[in-house]
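Structural features, examined
Chain residues, written in single-letter form:
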Amino acid sequence: MFDELSDKLGNVFAKLRGRGVLTDADIKEGLREVRRVLLEADVNFSLTREFLERVEKKAVGVLQIKTIQPAQQLVKIVHDELTAMLGERREGLKMSTVPPTIIMMVGLQGSGKTTTAGKLARKLMLENRSTRLVAADVYRPAAIDQLETLGKALNVPVYADRDTKDVVKIAKAGIDQGVRARDRVVIIDTAGRLQIDADMMDELKKLKAAIKPDEILFVADGMTGQEAVKIAQGFDEALNVTGVILTKLDGDARGGAALSIYGVLKKPIKYIGVGEKPDALEEFHPERMAGRILQ
Ligand code: GDP
């Protein structure tokens, strides 16, 4: 995960450490390199600029007090600013005081939405929160089968109704079943398309109004970089999402989506997908992630 980004930043700081005492020019040069690395990682352009402005402001202060190990101080500043860029602190799922908590999963087809719904259900079950999945993707016939197969494999109950295409009806019936079973969480897997289209958004808005979810989690393919951020903005404008799950970070050497999505959307990344297996879903902690990038 983020190997390229991590290696390149490591090289920049190794060079600075090698210098010992840092001049103004050394710092400027180092920060120029950090800027290039971030842009190569496909981090949003204006976020990169703001990031460097903040780092530079703090770095000047550090230099003035003629600190020992100035390069190490610079790493710390970059670490803190990376943490801020990634979302500052962990935000967990917002659980409803009256169960079940309703989570709507939204995102484009292929983003990993259905797989992630299964992974999240499994994780919650392991935390002793009984969880039900609801198959509300009625356009792709295989999607219902996929969720049912996943549910069986993970031992998570799945509500599906192949006799109707009315997703509000399906979601409500699934939630009713969850209420009767005293489930803590009901996760609704909604339909995705290959790209954002008005019909899909209308349906999702209608569903949101009808079931009033506690969480609307936007699932994005992390490997698509700025494209993921753009799509996220589209979903957020229409639905006011409550959080993001970035998938496929196991194959993402650059990290541009992870570093930009919070800054652009101001919505927390709640989980990350790091593989195809059911347990490959991790809680997202901004500070830990910054530490991993700068290790
Ligand atoms: P959906 O169309 O959005 O529901 O996408 P799917 O859940 O069907 O996932 C599409 C593909 O991405 C599948 O082959 C998944 O196994 C794969 N996938 C999902 N999440 C991850 C992840 O975190 N890492 C990797 N490597 N593959 C993933």
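So, a few notes on the structure that sits alongside this text. For clarity, every value in this text was computed on a predicted model and none was experimentally measured.

Tallying secondary structure elements over the protein gives 11 helices and 8 strands in all. Dimensions of the protein, computed from C-alpha atoms along their principal axes, come out at roughly 70 × 40 × 30 Å. Mean positive and mean negative side-chain charge positions of the protein (46 and 43 charges, respectively) differ by 3 Å.

Let us now look at helix H9 (residues 226-239). Helix length check: H9 (14 residues) gives 20 Å between terminal C-alpha atoms against 20 Å at 1.5 Å per residue, within 8%. One or two residues past the end of H9 sits Asn-240, with phi positive at roughly 50°.

Here we take up the site of the ligand. Around the ligand sit 18 residues in total, of which Gly-110, Thr-114, Thr-115, Asp-250 and Glu-276 are the nearest. A distance of 2.4 Å is found between an oxygen atom of the ligand and a side-chain nitrogen or oxygen belonging to Thr-115. Within the contact set of the ligand, an oxygen atom lies 3.4 Å away from a side-chain nitrogen or oxygen of Lys-119. Relative to its unbound accessible surface of 590 Å², the ligand loses 80% to contact with the protein. It is helix H5 (residues 113-126) that contributes the most residues to the shell around the ligand, 4 residues altogether. Among the residues making up the shell around the ligand, the classes are represented as 2 nonpolar, 10 polar and 6 charged.

What follows concerns the nonpolar core. If you look at the biggest cluster of nonpolar residues, it comprises 73 residues, and the most contacted ones within it are Ile-188, Phe-235 and Leu-246. Look past the residues within four positions of Leu-246 in its chain and what remains in contact with it is Ala-220, Gly-222, Ala-257, Ala-258, Ile-261, Ile-269, Tyr-271, Ile-272 and Gly-273. Counting 20 residues, the second-largest nonpolar core is a separate cluster that includes Leu-124, Ile-144, Leu-217 and Leu-281.

With that settled, the discussion passes to the sheet that holds strand S3 (residues 158-159). With mixed pairing, 8 strands are arranged side by side in an open sheet as S3-S2-S4-S1-S5-S6-S7-S8. Edge positions in the sheet fall to S3 and strand S8 (281-283), since each of these pairs with one other strand and no more. Where strand S6 (residues 243-247) meets strand S7 (residues 269-273), 3 bridges bridge the pair, whose relative direction is parallel. Each residue of the ladder has a partner; that of Ile-245, found in S7, is Tyr-271. Relative to the sheet, helix H10 (residues 256-265) contacts S6 and S7, its axis offset from that of S6 by approximately 165°.

Moving on, we get to the pattern of salt bridges. For the coordinates displayed, the defined rule picks out 24 salt bridges. Across the salt bridge formed by Arg-140 and Asp-137, the nearest N and O atoms sit 3.9 Å from each other. Assessed through its relative accessible area of 3%, Asp-137 is described here as buried. Where Arg-162 meets Asp-145, a salt bridge forms, and the shortest distance between an N and an O atom there is 2.6 Å. Placement of the pair is Arg-162 in the loop between S3 and helix H7 (167-180) and Asp-145 in helix H6 (residues 141-154), with a sequence separation of 17 residues. Judged by relative accessible area, Arg-162 falls into the partly exposed class, the value being 48%. A relative accessible area of 39% places Asp-145 in the partly exposed class.

What follows is about H5. Residues that lie three or four places apart on an α-helix share one face, since the helix turns once every 3.6 residues. The terminal C-alpha atoms of H5 lie 20 Å apart, and with 14 residues this matches the ideal 20 Å at 1.5 Å per residue to within 8%. Within H5, the full set of buried residues consists of Lys-113, Thr-114, Thr-116, Ala-117, Gly-118, Lys-119, Leu-120, Ala-121 and Leu-124. Once H5 finishes, Asn-128 follows within two positions and takes phi at roughly 65°, a positive value.

Further remarks concern the packing of helix H4 (residues 70-86) against helix H11 (residues 286-293). One way to put it is that H4 packs onto H11 with a least axis distance of 8 Å and a crossing angle of 130°. As far as their axial angle goes, H11 and H4 are oblique. In the packing of H4 onto H11, the handedness of the crossing is right-handed. Together, His-79, Leu-82, Thr-83 and Leu-86 of H4 and Pro-286, Glu-287, Met-289, Ala-290, Gly-291 and Ile-293 of H11 make up the contact between the two elements. When its residues are assigned to classes, the contact of H4 with H11 shows 6 nonpolar, 3 polar and 1 charged.

Each value, and the rule that gives it
- Residues numbered from 1 in each chain as written.
- Predicted model: local features only at pLDDT ≥ 70, side-chain atom pairs only at ≥ 80, totals over all residues.
- Heavy atoms only, no water.
- Helix = DSSP H or I, 4+ residues; strand = E, 2+ residues; numbered from the N terminus.
- Lys, Arg positive; Asp, Glu negative; His and termini not counted.
- Charge placed at Lys NZ, Arg CZ, Asp CG, Glu CD.
- Expected span 1.5 Å × (residues − 1).
- Near = heavy atom within 4 Å.
- Polar contact = N/O pair within 3.5 Å; in protein donor to acceptor, adjacent residues only side chain to side chain.
- Areas by Shrake-Rupley, 256 points an atom, 1.4 Å probe, with all protein chains shown as cover.
- Nonpolar A, V, L, I, M, F, W, Y, C, P; charged D, E, K, R; others polar.
- Core = buried A, V, L, I, M, F, W, Y, C linked by side-chain atoms within 4.5 Å.
- Buried < 20%, exposed > 50% of the residue type's maximum accessible area, 1.4 Å probe, protein only.
- Contact = heavy atoms within 4.5 Å.
- Pairing = 2+ DSSP bridges.
- Axes fitted to C-alpha atoms, helices over the stretch in contact; angles between N-to-C directions.
- Salt bridge = Lys/Arg side-chain N within 4 Å of Asp/Glu carboxyl O.
- Parallel < 35°, antiparallel > 145°, perpendicular 65-115°, else oblique.
- Left-handed = near helix turned anticlockwise from the far one by under 90°.

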